[in-house]
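# Structural description and commentary
Here is what each chain is made of, one letter per residue.
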Amino acid sequence: MIPAEIIERVRAETDIVGLIGEYVALKRAGRSFVGLCPFHKEKTPSFNVSSERQAYHCFGCGAGGNALTFVMNYENLSFPEAVKHLAERLGIKIEYTAEDDPSKPLYDALEIALKVYKNKLWSEEGLGARQYLASRGLKEENIKTFALGLVPQDTSELLARARELKLSTKMLSDAGVLGNHQGRFYPFLAGRIVFPIKTASGKLVGFSGRIFGEDANPAKYVNTPETKIFKKGQLLYGLFEARPYLRREGALIAEGQMDVLRLVQEGFRSAVAPLGTAFTAEHARLLSRYTESVILVFDSDEAGRKAALRTLGEALSSDLDVKLVLLPEGEDPASYLALHTRQDFEALLKEAEEPMSFLFGLYSPKSAAELRRVAEIMISVIRRIPDNLKRELYVDEAAKLIGVHRGIIAERVSSGESKKQHKPESKTSRISDTEEMLLKMMVTNSEFVAIALKHLAPSYINERDSRELLELLYKKSSERERFTPGEIMDALSEHMRQKVSEWSLSELKYSKEEFSRTLAHYIYQRTREKLRNDLREAENVGDAERAKRILSQLNSLVRESNKIYQGI
Ligand SMILES: [Zn+2]
């Protein structure tokens, strides 16, 4: 648990312009700063950051929030991780104990192992492994950046280092560093070259080990067994290193670790690969947080084509834009780049194919039966696309390629869909214009919140999101008279945060008179609405007495409406 004071300090002391300026080039424009939005692709800057309001908002894609939501979204961190990240940046130390983070000893065990493995690779005994890596065209600098290592055959160094940190042998085994055979511990992945596997935020969670040289072991790659922190279906090799480039360059999805290293070495820095397993829906979702587009670069052998097809389906279902490249028969990116130039590979990427024409080319159907088979595959792929418009475009393309009327493909696509799958409609309960204006004024000026607090009960507001916003504003206002909208932003729902950040970045200023008038008008509107509802209800149940009473209340409300304003 992070103490509340630390969260408050982080909110109050982090300057949003300084923080975002570390990620995005910002230029002053009027009272705020603008830059290219890191959350969507754009050429004209519509991403605004305000120091005065401690908020950011993109008028292009709607992304908005405060310092905490920025690092949460950009670095893909949870709320506590984001607090910790910003606290460290401010030099505030948060001490974690094993109770706070029960996985800490596992991470420590892996870090120890990594040190031992790296030492081994660069020692005399690592010569053979280093020669192998060089023969695959990997440069020393690259091997060091990705922290490759070599697992020793014995446990002595591992155990010695673990003792220094008071880590038990069992912990090494729980982290997947040691294997256990009939009660005897042995180094897992012994004799293999290892690739450290990190999460998207850079935490080491396990290793992939590759055989080299004369080793007759049939399993080329073996991963750390699944542990509490190592879930290979959720991890992509190279993701942490690729992250800074993904949004602008899109991802290159390759088949293996060696491909990623070789691609990065040649300057294709956004390369990632699953850990010798199939590309899963979880992988696709993970990637879609960082980029909208991917290019699959696969081997053209049977296995590569199958993997490409499966990856295509998963990527499309996460609404990624997908293109595909099949390398010449028998080549993977690593071997291709060993024989060709960077420019050759760039040319291949430029010619990457759209999914439908890729599928058509893959099977190059000649007979009617083959055409039908390809059409079926296309249809099954199109069905996975969540976006209607994109699906329509693919239907068009498939129909053209197969040479049938688009209606036939469209019908087949929709007939196979599980109906009623659509998500619950987003609640579009309209906030009234006055209500919206009122909230907007309070967001832009915390002094107004103190005024509203005396006259407007949150129960006046019907819409839940708006009511929650008002309650938050009241809570902040009773703690401190003046505050920035940035201070409440991370507690809001995504939908409300977009609105609030947009209001925060508007240049409009409102006078106290304008606010009082709007508040009075709103209270009047809502009181009248409530009385009218009561009246209808009384009439419905035939309570004439009550109806009469309400009617006279309504009359006096209308007559004396200006009294509300005078009272504020
Ligand atoms: Zn944007």
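Rules used throughout
- Residues numbered from 1 in each chain as written.
- Predicted model: local features only at pLDDT ≥ 70, side-chain atom pairs only at ≥ 80, totals over all residues.
- Heavy atoms only, no water.
- Helix = DSSP H or I, 4+ residues; strand = E, 2+ residues; numbered from the N terminus.
- Buried < 20%, exposed > 50% of the residue type's maximum accessible area, 1.4 Å probe, protein only.
- Contact = heavy atoms within 4.5 Å.
- Core = buried A, V, L, I, M, F, W, Y, C linked by side-chain atoms within 4.5 Å.
- Pairing = 2+ DSSP bridges.
- Axes fitted to C-alpha atoms, helices over the stretch in contact; angles between N-to-C directions.
- Donors = N, O, S within 2.8 Å, 3.2 Å for Na, K, Ca; no water.
- Tetrahedral: all angles 85-135°; square planar, octahedral: opposite > 155°, others 65-115°.
- Salt bridge = Lys/Arg side-chain N within 4 Å of Asp/Glu carboxyl O.
- Domains from an automatic or database assignment.
- Buried area = accessible area lost by both parts, 1.4 Å probe.
- Phe/Tyr/Trp six-rings, centres within 6.5 Å; stacked < 30°, edge-to-face > 60°.
- Polar contact = N/O pair within 3.5 Å; in protein donor to acceptor, adjacent residues only side chain to side chain.
- 1 Å grid on protein atoms, 1.4 Å probe; cavity = no way out; pocket = protein on both sides within 12 Å on 5 of 7 lines; lining within 4 Å.
- Points joined across faces, edges and corners; volume = space filled by probe spheres on them.
- Nonpolar A, V, L, I, M, F, W, Y, C, P; charged D, E, K, R; others polar.

Locating Leu158 in the fold gives a position in helix H8 (residues 156-164). Classification of Leu158 as buried rests on a relative accessible area of 1%. Each C-alpha atom, one on Leu158 and one on Ile402, is 60 Å from the other, the two residues being 244 residues apart in sequence. Ignoring sequence-local partners within four residues, the contact set of Leu158 consists of Ile112, Ala113, Val116, Leu172, Val177 and Leu178.

Leu133, Leu148, Ile193, Phe207, Tyr237, Leu252 and Phe345 are the most contacted members of the largest nonpolar core, which has 62 residues in total. Considering every element that reaches this core, the biggest residue donor is helix H5 (residues 104-121), with ten residues. Dropping the residues within four chain positions of it, Leu133 is found in contact with Leu121, Leu138, Ile143, Leu148, Ile193 and Met258.

Next up on the list: the sheet that holds strand E3 (residues 47-50). Taken in spatial order, the five strands make up an open sheet running E1-E2-E3-E4-E5, and their pairing is antiparallel. Two strands in the sheet have a free side with no partner beyond their single neighbour: strand E1 (27-29) and strand E5 (64-65). Against the sheet, helix H3 (residues 67-74) makes contact with E3, strand E4 (55-58) and E5, and its axis sits at roughly 50° relative to E4, the strand it touches most. Strands in contact with helix H24 (residues 494-505) are strand E2 (32-35), E3, E4 and E5; relative to E4, the strand with the most contacts, it is inclined by about 105°.

Take the coordination of the zinc ion next. The zinc ion binds to the protein through Cys37 (SG), His40 (ND1), Cys58 (SG) and Cys61 (SG); the donor distances cover 2.1 to 2.3 Å. For the zinc ion, the four donor atoms are set out with angles of 102 to 120° between them, so the coordination reads as tetrahedral.

Now for the pattern of salt bridges. Applying the stated criterion to the full structure yields 36 salt bridges. For Glu241, the salt bridge goes to Lys198, with nearest N and O atoms at 3.0 Å. You can see Glu241 sitting in helix H10 (residues 239-249) and its partner Lys198 sitting in strand E9 (residues 193-198), a full 43 residues away along the chain. When its relative accessible area of 22% is taken as the criterion, Glu241 is described as partly exposed.

All right, on to the domain arrangement of the chain then. When its domains are assigned, the chain resolves into domain 1 (4-89), domain 2 (104-230), domain 3 (236-353), domain 4 (364-415) and domain 5 (433-567). For domain 1 versus domain 3, the separation of C-alpha centres amounts to 30 Å. Contact residues are listed per partner, giving ten residues for domain 1 and eight residues for domain 3. Between domain 1 and domain 3 lies a buried interface of about 820 Å² when both sides are counted; carbon and sulfur atoms form 30% of it. If you sort the residues of domain 1 by the area they bury against domain 3, Lys41, Tyr74 and Asn76 come out on top, with a joint share of 58%. Taken together, domain 1 and domain 3 are joined by one salt bridge.

Tallied over the full model, the rule gives 18 aromatic pairs. Ring centres of Phe268 and Phe345 lie 4.9 Å apart, and the angle between their planes is 65°; on these two criteria the pair is classed as edge-to-face. Here Phe268, found in the loop between helix H11 (257-265) and strand E14 (271-274), pairs with Phe345, found in helix H15 (residues 342-350); they are 77 residues apart in sequence, far enough to count as distant. Considered together, Phe268 and Phe345 belong to a single accessibility category, that of buried residues.

Further remarks concern the pairing of E2. One face of the sheet, then the other: side chains in a regular strand alternate in exactly this way. Neither face of E2 is exposed, since Ser32 and Val34 on one face and Phe33 and Gly35 on the opposite face are all buried. Across three bridges, the pairing between E1 and E2 is antiparallel. Bridge assignment links Ala29 to a residue of E2, and that residue is Ser32. Between E1 and the antiparallel strand that follows it, E2, lie two residues; Gly30 among them carries a positive phi value of about 65°.

Right, let's get into helix H21 (residues 446-455). Among the residues of H21, Ser446, Phe448, Val449, Ile451 and Ala452 are the ones counted as buried. Turning to H21, the residues buried within the fold contact helix H20 (433-444), helix H22 (464-479) and helix H25 (512-540). You can read the cap of H21 off the contacts: a side-chain oxygen lies 2.9 Å from the backbone nitrogen of Glu447, and it is on Asn445.

To continue, consider the side chain of Thr224. Here Thr224 shows up in the loop between strand E11 (221-223) and strand E12 (236-237). Only 2.7 Å separates the side chain of Thr224 from the backbone nitrogen of Phe207, close enough to count as a polar contact.

The sheet built from four strands is open, its strands ordered E6-E9-E10-E11 with antiparallel pairing. Either end of the sheet is taken by a strand with one partner, and the two such strands are strand E6 (149-150) and E11. Of the pairings in the sheet, the one linking strand E10 (residues 204-210) to E11 comprises three bridges and is antiparallel in character. Following the sheet pairing, Arg210 is matched in E11 by Tyr221. Sitting on the sheet, H5 is in contact with E6, E9 and E10, with an inclination near 35° to E10.

With that settled, the discussion passes to the layout of surface pockets. Roughly 1,200 Å³ of volume is contained in the largest pocket. Lining the largest pocket are 40 residues, with Glu81, Asp101, Tyr107, Ser201 and Lys203 positioned closest to its centre. Contributions of two or more residues to the lining of the largest pocket are made by helix H4 (79-89), H5, E10 and H10. When grouped by side-chain class, the residues that make up the lining of the largest pocket number 17 nonpolar, six polar and 17 charged.

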